[in-house]
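Structure at a glance
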Amino acid sequence: MAEVAEKTHYVVQVGSKGRVVLPAEVREALGLREGDRLLLRWREEGTLELVSFREVAHRARGLLKGLAPGVSLVDELIRDRREEARKEDLE
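Residues numbered from 1 in each chain as written. Predicted model: local features only at pLDDT ≥ 70, side-chain atom pairs only at ≥ 80, totals over all residues. Heavy atoms only, no water.

A grouping of Leu-38, Leu-40, Trp-42, Leu-48 and Leu-50 is seen on the molecular surface, where their side chains present a nonpolar patch of about 570 Å² in accessible area. Sort the elements by how many residues they give to the nonpolar patch and strand E1 (residues 38–42) lands first, with three residues. Topologically, Leu-40 is positioned in strand E1. (Patch = residues over 30% accessible without salt bridge, like charges linked within 9 Å, V, L, I, M, F, W, Y side chains within 5 Å. Areas by Shrake-Rupley, 256 points an atom, 1.4 Å probe, with all protein chains shown as cover. Salt bridge = Lys/Arg side-chain N within 4 Å of Asp/Glu carboxyl O. Helix = DSSP H or I, 4+ residues; strand = E, 2+ residues; numbered from the N terminus.)

According to UniProt, the "domain: SpoVT-AbrB" (unreviewed entry) feature falls on residues 9–55. The distance from the first to the last C-alpha atom of residues 9–55 is 20 Å, and the span holds 21% helix and 21% strand. (UniProt positions renumbered as here; feature names shortened; annotations may be inferred.)

Now for the pattern of salt bridges. Under the counting rule described, the total for this entry stands at seven salt bridges. One salt bridge in this structure joins Glu-49 and Arg-43, with 2.6 Å as the shortest N-O distance. The partner of Glu-49 in a salt bridge is Arg-59, with the nearest N and O atoms 3.8 Å apart. With a gap of 10 residues between them, Glu-49 in strand E2 (residues 48–52) and Arg-59 in helix H2 (residues 53–60) connect regions that are remote in the sequence. Relative accessible area serves as the criterion here: at 19%, Glu-49 is assigned to the buried category. Through salt bridges that share partners, Arg-41, Arg-43, Glu-49, Glu-55 and Arg-59 make up one connected network. (Buried < 20%, exposed > 50% of the residue type's maximum accessible area, 1.4 Å probe, protein only.)

Turning next to the pairing of E2. As a general feature of sheets, a regular strand has side chains that alternate between the two faces. By the bridge criterion, five bridges tie E1 to E2 in an arrangement that is antiparallel. The residue bridging Leu-39 from the neighbouring strand is Val-51, located in E2. What sits between E1 and E2 in their antiparallel hairpin is a turn of five residues, with Gly-46 showing a positive phi close to 90 degrees. (Pairing = 2+ DSSP bridges.)

Following this line, the structure appears as C-alpha coordinates:
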(Lines give C-alpha, C1' and ligand atoms only; values in the text may rest on other atoms or scores of the structure.)
Protein backbone atom coordinates (compact mmCIF):
# COMPACT_ATOMS: atom_id res chain seq x y z
CA MET A 1 0.00 0.00 0.00
CA ALA A 2 1.50 3.33 -1.04
CA GLU A 3 2.03 6.08 1.49
CA VAL A 4 0.41 9.48 1.05
CA ALA A 5 3.30 11.68 -0.03
CA GLU A 6 4.21 14.39 2.51
CA LYS A 7 0.71 15.76 3.18
CA THR A 8 -0.81 13.95 6.15
CA HIS A 9 -3.73 16.22 7.04
CA TYR A 10 -6.79 16.90 4.92
CA VAL A 11 -9.90 18.90 5.66
CA VAL A 12 -13.07 17.04 4.71
CA GLN A 13 -16.66 18.07 5.19
CA VAL A 14 -19.65 16.02 6.27
CA GLY A 15 -22.26 16.41 3.54
CA SER A 16 -25.87 15.44 3.16
CA LYS A 17 -26.75 12.05 4.59
CA GLY A 18 -23.49 12.05 6.56
CA ARG A 19 -21.30 11.49 3.52
CA VAL A 20 -17.59 12.32 3.60
CA VAL A 21 -15.56 12.47 0.40
CA LEU A 22 -11.96 11.28 0.59
CA PRO A 23 -9.57 13.44 -1.44
CA ALA A 24 -8.49 11.90 -4.75
CA GLU A 25 -4.84 11.97 -3.64
CA VAL A 26 -5.69 9.80 -0.61
CA ARG A 27 -7.84 7.36 -2.63
CA GLU A 28 -5.07 6.96 -5.20
CA ALA A 29 -2.34 6.48 -2.58
CA LEU A 30 -4.42 3.81 -0.82
CA GLY A 31 -5.54 2.13 -4.05
CA LEU A 32 -9.21 2.73 -3.28
CA ARG A 33 -11.78 2.46 -6.06
CA GLU A 34 -15.48 3.17 -6.23
CA GLY A 35 -17.37 0.46 -4.37
CA ASP A 36 -14.45 -0.51 -2.11
CA ARG A 37 -15.51 -1.10 1.47
CA LEU A 38 -13.86 0.52 4.46
CA LEU A 39 -13.94 -0.34 8.14
CA LEU A 40 -14.69 2.72 10.30
CA ARG A 41 -13.43 2.30 13.84
CA TRP A 42 -14.37 4.76 16.56
CA ARG A 43 -11.68 5.04 19.19
CA GLU A 44 -12.36 5.93 22.82
CA GLU A 45 -10.26 9.10 22.64
CA GLY A 46 -12.75 10.47 20.10
CA THR A 47 -10.83 9.73 16.91
CA LEU A 48 -11.89 7.74 13.87
CA GLU A 49 -9.83 5.26 11.91
CA LEU A 50 -10.70 4.22 8.35
CA VAL A 51 -9.18 0.95 7.17
CA SER A 52 -9.74 -0.69 3.79
CA PHE A 53 -10.98 -4.28 3.87
CA ARG A 54 -7.88 -5.14 1.85
CA GLU A 55 -5.76 -3.83 4.76
CA VAL A 56 -7.92 -5.66 7.32
CA ALA A 57 -7.30 -8.91 5.42
CA HIS A 58 -3.58 -8.13 5.21
CA ARG A 59 -3.39 -7.52 8.97
CA ALA A 60 -5.33 -10.72 9.70
CA ARG A 61 -3.25 -12.88 7.36
CA GLY A 62 -1.33 -15.36 9.40
CA LEU A 63 -3.23 -14.54 12.58
CA LEU A 64 -4.16 -18.21 13.10
CA LYS A 65 -0.97 -19.59 11.57
CA GLY A 66 0.55 -20.65 14.89
CA LEU A 67 -2.43 -22.72 16.05
CA ALA A 68 -1.34 -25.91 14.28
CA PRO A 69 2.40 -25.58 13.58
CA GLY A 70 3.76 -28.19 11.20
CA VAL A 71 0.30 -29.46 10.30
CA SER A 72 -1.34 -28.85 6.95
CA LEU A 73 -5.04 -28.67 7.63
CA VAL A 74 -5.69 -29.08 3.90
CA ASP A 75 -3.67 -32.30 3.76
CA GLU A 76 -5.44 -33.55 6.88
CA LEU A 77 -8.86 -32.84 5.36
CA ILE A 78 -7.96 -34.57 2.09
CA ARG A 79 -6.66 -37.59 4.02
CA ASP A 80 -9.91 -37.76 6.05
CA ARG A 81 -12.07 -37.51 2.93
CA ARG A 82 -10.10 -40.25 1.16
CA GLU A 83 -10.45 -42.52 4.19
CA GLU A 84 -14.22 -41.90 4.28
CA ALA A 85 -14.49 -42.66 0.55
CA ARG A 86 -12.47 -45.87 0.99
CA LYS A 87 -14.78 -47.02 3.80
CA GLU A 88 -17.85 -46.28 1.66
CA ASP A 89 -16.40 -48.37 -1.21
CA LEU A 90 -15.94 -51.34 1.15
CA GLU A 91 -19.58 -51.27 2.29
